[in-house]
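An overview of the molecular structure
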Amino acid sequence: MLARILHTFENIGKISELRQRILFTIGMLAVYRIGAYIPTPGVNGNALSQFLHQNGGALIGFFDMFSGGALSRLTIFALGIMPYISASIILQLLTVVHPTLQAMAKEGERGRKIITRYTRYLTVVIALVQSFGIALGLEGMNNGQFVPHPGWSFRFIVVITLTAATTFVMWIGEQITERGVGNGISLIIFSGIIARLPAAIINTYKLYNQGEISGFLILALIVMVFLIVSSIVFIETARRKIPIQYAKRLVGNKMMGGQSTHIPFKINTAGVIPPIFASSLISFPAIIAGFVSVPWIQSFGKSLSPGSFSYTGLYVLLIVFFCFFYTAVVLNPTDIAENMQKYGGYIPGVRPGQKTVEYLYRVMNRITFVGALYLSIVCVIPELLIYQLHVPFYFGGTSLLIVIGVSLDTAQQIESYMMSRNYEGILKKTRIKGRTA
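I will try to describe carefully the structure that is included in this document. A quick note: this is a predicted structure, and the numbers were derived from the prediction, not measured.

Spatially, the three strands line up as an open sheet ordered 4-1-5, and their pairing is antiparallel. Here the strands that pair on one side only, and so sit at the sheet edges, are strand 4 (260–266) and strand 5 (345–346). Of the pairings in the sheet, the one linking strand 1 (residues 239–246) to strand 4 comprises seven bridges and is antiparallel in character. Within the sheet, the bridge partner assigned to Lys241 lies in strand 4 and is Pro264.

Structure (structure tokens):
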């Protein structure tokens, strides 16, 4: 087994383009991780980090996961990639309801470039608003002990620093997608989660030595992680195959068609998009509420804290919504049915035309519901671990889902490069299909 792994890495080194892409990806992620430790000017980062860990609880742990610890320390990458994700959500929603954006989306590459440019502009606007809210909140928190010199000069520095850093993170993600391996935005979140893993393991070991957690709890946690990982891998690679039969037809002097094939519908078509989008929407009002000393705003933010019924309910609803929304954007049964009919294809037992569209919609809705249910169960596991089993650190299915999903995507892309050049791939005979993040 070890020999095959070493042989695979040797093959990767033989492909110069793939080697350069992997090294570029690692370099860009290293730059991002370095930036996650550069403090924001004018902020007492150590005191703020200690205060947030003592008073923020699971809320800070949940949102800090997406920034790789930069939020709790309020470094220059404190906002991370979340403003870009929020902007993407808004643009995708507007694309469905706004005729002009709909027309752009159908123009192909040119339309996608225009929508991407709008997404970048909106990212800067969201980062400006969030960074200004954080600056005001820091000045009012704990009698201003986190800001030695408050005022407009401090607010200006924080806004410019956090907004510029967010724009730079967005640029890193786009560069990785274009010139590296995998989806850049997903890999940035992935690197932040992985970077916190060693500290979580060390902290668990220390707590075990101090007698704060039992060996039974650790064993139960390991078993639960194994079951969750197995379930995620199984569902992420599952397909609902719809059989397609092509009728024979005479083209010139040759008889064409007559073969059978299938349409593979993924159980979880949306991938990691729903939990990331849902987390992004919930995080904005909750974080702002934590920095503002207005009673009703703080009460509203507390109602959206992990562990509360309103948070869990809203989180599940948003996951279900984005599962159906993203699947509807990616898959269009009407187009599938028209293409099948154009080339003489049909589903056995289903009439071509409108009946095929209705059948595809019915199948798509059913498997999307199963996928949404699966994502909801995986993503609410942190609630059980923290508030029922009293795990003293943040751990959840959302992070595992992102790590496994991004790993499968990246492995599939590396596999494609290697197979296209007739090299033995990472996944050998079992080809795991990736997912577009």
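Picking up after the structure, the text goes on.
Another aspect to go through is the state of the cysteines. One pass over the full model with this rule turns up zero disulfides. The thiol sulfur of Cys379 is not disulfide-bonded, and the nearest other cysteine sulfur, from Cys323, lies at 8.7 Å.

What follows concerns helix 15 (residues 309–330). Under the 1.5 Å per step criterion, the end-to-end length of helix 15 is 32 Å for 22 residues, consistent within 8% with the ideal 32 Å. Within helix 15 the residues assigned to the buried category are Tyr311, Tyr315, Leu318, Ile319, Phe322, Cys323, Phe325, Tyr326 and Thr327.

Taken together, the side chains of Ile90, Leu94, Val96, Val97, Val329 and Val330 present a nonpolar region at the surface, about 480 Å² in accessible area. Among the secondary structure elements, those contributing two or more residues to the nonpolar patch are helix 6 (82–97) and helix 15. Top element by residues in the nonpolar patch is helix 6. It accounts for four residues. Structurally, Ile90 can be placed in helix 6.

Moving on, we come to the nonpolar core. In this structure, Ile85 and Phe265 are the most contacted members of the largest nonpolar core, which totals 72 residues. Top contributing element to this core by residue count: helix 17 (residues 354–379), with eleven residues. Of the domains in this structure, domain 1 (1–180) and domain 2 (213–410) are the two that each give at least three residues to this core. Counting 16 residues, the second-largest nonpolar core is a separate cluster that includes Val43, Ala135, Leu138 and Val147.

Rules of the game
- Counting of residues starts from 1 at the beginning of each chain's written sequence and follows it residue by residue.
- Per-residue local features of the predicted model are confined to residues with pLDDT of at least 70, and side-chain atom pairs are confined, for both listing and counting, to 80 or more; whole-chain, interface and lining totals are unaffected and use all residues.
- Hydrogens and water are ignored here; the side-chain numbers use all heavy atoms of the structure.
- Note on pairing: DSSP must find at least two bridges between two strands before they are called paired.
- Runs of H or I in DSSP of at least four residues are treated as helices and runs of E of at least two as strands, each being numbered from the N terminus.
- Two cysteine sulfurs form a disulfide in these notes if their separation is within 2.5 Å.
- Here, expected helix span is obtained from the residue count minus one, scaled by 1.5 Å.
- Each residue is placed in one exposure class: buried if its accessible area under a 1.4 Å probe, protein chains only, is under 20% of its type's maximum, exposed if it is over 50%, and partly exposed if it falls in between.
- In this scheme, patches are assembled from residues that exceed 30% relative accessible area and form no salt bridge. Like charges are connected within 9 Å, while nonpolar side chains (Val, Leu, Ile, Met, Phe, Trp, Tyr) are connected within 5 Å.
- Each accessible area value is a Shrake-Rupley result obtained with a 1.4 Å probe; residue values ignore everything except the protein chains displayed when judging cover.
- By definition, a salt bridge exists where a carboxyl oxygen of Asp or Glu is found within 4 Å of a side-chain nitrogen of Lys or Arg.
- Within this scheme, the nonpolar core is defined by two criteria: the residues are buried Ala, Val, Leu, Ile, Met, Phe, Trp, Tyr or Cys, and they are joined through side-chain atoms within 4.5 Å.
- For the domains described, the bounds stem from an automatic or database domain assignment.

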